[in-house]
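# Descriptive analysis of the structure
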Amino acid sequence: MRTVEPDESTLVLGIETSCDETAAALVMGGYDVVSTVVASQIEIHADFGGVVPEIASRAHLEALNPVIARAVVEAGVDESRIDAVACTYGPGLIGALLVGVSAGKALALAWDVPFVGVNHLEAHLYAAFLEDPTLEFPLVVRLVSGGHTMLVEMQDHGRYRLLGETIDDAAGEAFDKVARFLDLGYPGGPAIDEAALNGDPDSVRFPRALSDDPDNLDFSFSGLKTAVMNYVRKHPDMASADIAAAFQTAVVDVLVAKTRRAAELVGAKGIVLGGGVAANSLLREELLGACATDGVRGFLPSRSMCTDNAAMIAAAGWHRLALDGPTSLDVGAFPNLKFPLADT
Ligand code: KG4
Ligand code: ZN
């Protein structure tokens, strides 16, 4: 396999198939997005009200080659110009991951370039760097996706300390479950975001879990979800928009308060958002407001960078190639891959 020392002209193909988006992107030098293509499976899974793993794998299988081909064509480069292939190898749905990993390894072998296995959660952090490479460390990253809710101190590239995480449901999971309960549609996050625009956030005050101790940076959303369900059963005539707005406010209040506290404890130079829930309008507005009040730099990646995409995979892959070198082609897919934390 050809050796590659990543520099500003290194072109990395990113591949993402961990859940319900089939995505490919070309990123130059770790920061410059040359092309990015995302084929969403939302319509395929909407009838089922959630992602059906077997259907997701088959859809990835059909979509991946055309999506990669489009990313290469849109970049206007020849395949021979690609220096490395970076691909999500976990966490995610095993069948879905395997489609990307198999394709990524095959392409790396065929093109004789390094293969880099990328941790999907770490990649979400890189969405911010793609849009603002000048971000300075230490950063507090609020990662809120469908499967994970974490507060991470990013001390340097590849060097992270876990400050807090959810003890039960992820924030996105809570959005999806409450939306399903309220019959607002799928995926739940955007549906609640939209419904809440017409609702009164003060119509009900739902619980803010684990908020008594300001230094506790962990989260819990399972009790909130149950509180919403119990309330709706007792008040069947209450407008869904009001419930959505009150629920969203409860989630955002906790997320913002703990992120602020984390930034204060760490002495962070900035706060960034990552993961699908970072597309939430209220969270974006409230976090930017808090940053302005506290005099901390806040950076919100664009909505399309917050949700799953392959540009963030290519960017994280470039940095991992610089830090660790290529990943062995013997590597498999890891549905429960953990976030790569520092030893200290
Ligand atoms: O990061 P992501 O695209 O996939 C995972 O890696 O999990 O996150 C998907 C999650 C879903 O739970 C979805 O409902 C949520 O992000 N989401 C939102 C919004 N857009 C997507 N949640 C709240 N508000 C939004 N606007
Ligand atoms: Zn994700």
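Notes on the structure follow. What you are looking at is a predicted structure, and each value in this text was computed from that prediction instead of being measured.

A word on the coordination of the zinc ion (ligand 2). Distances from the zinc ion (ligand 2) to its protein donors, His120 (NE2), His124 (NE2) and Asp308 (OD), fall within 2.0 to 2.1 Å. Here the donor residues of the zinc ion (ligand 2) are spaced in sequence according to H-x3-H-x183-D. Here the residue His120 and the residue His124 both occupy positions in helix α4 (residues 120–131), the gap between them amounting to 4 residues, near one helical turn. With a relative accessible area of 1%, His124 lands in the buried category.

This next bit is on the side chain of Gln248. Mapped onto the elements of the fold, Gln248 is located in helix α8 (residues 240–266). Polar contacts involving the side chain of Gln248 include one to the side chain of Asn280, which spans 2.9 Å.

On to the sheet that holds strand β3 (residues 32–40). Spatially, 5 strands are ordered β3-β2-β1-β4-β5 in an open sheet, and the strand pairing comes out mixed. The open sheet is flanked by β3 and β5 (115–119), the only strands paired with a single partner. Ignoring which end each strand starts from, the neighbouring axes of this sheet average 20 degrees apart. Of the strand pairs in this sheet, strand β1 (residues 11–16) and strand β2 (residues 21–28) are connected by 6 bridges, and their pairing is antiparallel.

What follows covers the sheet that holds strand β6 (residues 139–144). The mixed open sheet is built from 5 strands, whose spatial order is β8-β7-β6-β9-β10. Of all the strands in the sheet, just β8 (159–165) and β10 (297–299) have a single pairing partner and so form its edges. Across the sheet, the mean angle separating the axes of adjacent strands is 20 degrees when strand polarity is ignored. Pairing between β6 and strand β7 (residues 149–156): 6 bridges, direction antiparallel. Among the inter-strand pairings, Arg142 is bridged to a residue of β7, identified as Leu151. Contacts from helix α9 (residues 281–294) reach β6, β9 (270–274) and β10, with the element oriented near 175 degrees to β9.

A few words on the pattern of salt bridges. Enumeration over the complete set of coordinates arrives at 14 salt bridges. Note that Asp132 and Arg297 form a salt bridge whose closest N and O atoms lie 2.1 Å from each other. Taken together, the residues Asp132 in the loop between α4 and β6 and Arg297 in strand β10 connect sequence positions 165 residues apart. Assessed through its relative accessible area of 37%, Arg297 is described here as partly exposed. In this structure, Arg208 engages Asp253 in a salt bridge whose closest nitrogen and oxygen atoms are separated by 2.7 Å. Placement of the pair is Arg208 in the loop between α6 (188–196) and α7 (222–234) and Asp253 in helix α8, with a sequence separation of 45 residues. When its relative accessible area of 33% is taken as the criterion, Asp253 is described as partly exposed. When salt bridges that share partners are traced, they join Asp169, Glu173, Lys177 and Lys225 into one network.

So, about unusual backbone geometry. Put simply, Gly90 and Pro91 share a cis peptide bond, and its omega is -15 degrees. Tracing the chain through its elements places Pro91 in the loop between β4 (84–90) and α3 (94–111). Going from Phe137 to Pro138, the amide bond is cis rather than trans, its omega being -5 degrees. Within the secondary structure, Pro138 sits in the loop between α4 and β6. Positive phi, close to 60 degrees, is recorded for Asp112, a residue that is not glycine.

Cut-off values and rules
- Residues numbered from 1 in each chain as written.
- Chains lettered and ligands numbered in written order.
- Predicted model: local features only at pLDDT ≥ 70, side-chain atom pairs only at ≥ 80, totals over all residues.
- Heavy atoms only, no water.
- Donors = N, O, S within 2.8 Å, 3.2 Å for Na, K, Ca; no water.
- Helix = DSSP H or I, 4+ residues; strand = E, 2+ residues; numbered from the N terminus.
- Buried < 20%, exposed > 50% of the residue type's maximum accessible area, 1.4 Å probe, protein only.
- Polar contact = N/O pair within 3.5 Å; in protein donor to acceptor, adjacent residues only side chain to side chain.
- Pairing = 2+ DSSP bridges.
- Axes fitted to C-alpha atoms, helices over the stretch in contact; angles between N-to-C directions.
- Contact = heavy atoms within 4.5 Å.
- Salt bridge = Lys/Arg side-chain N within 4 Å of Asp/Glu carboxyl O.

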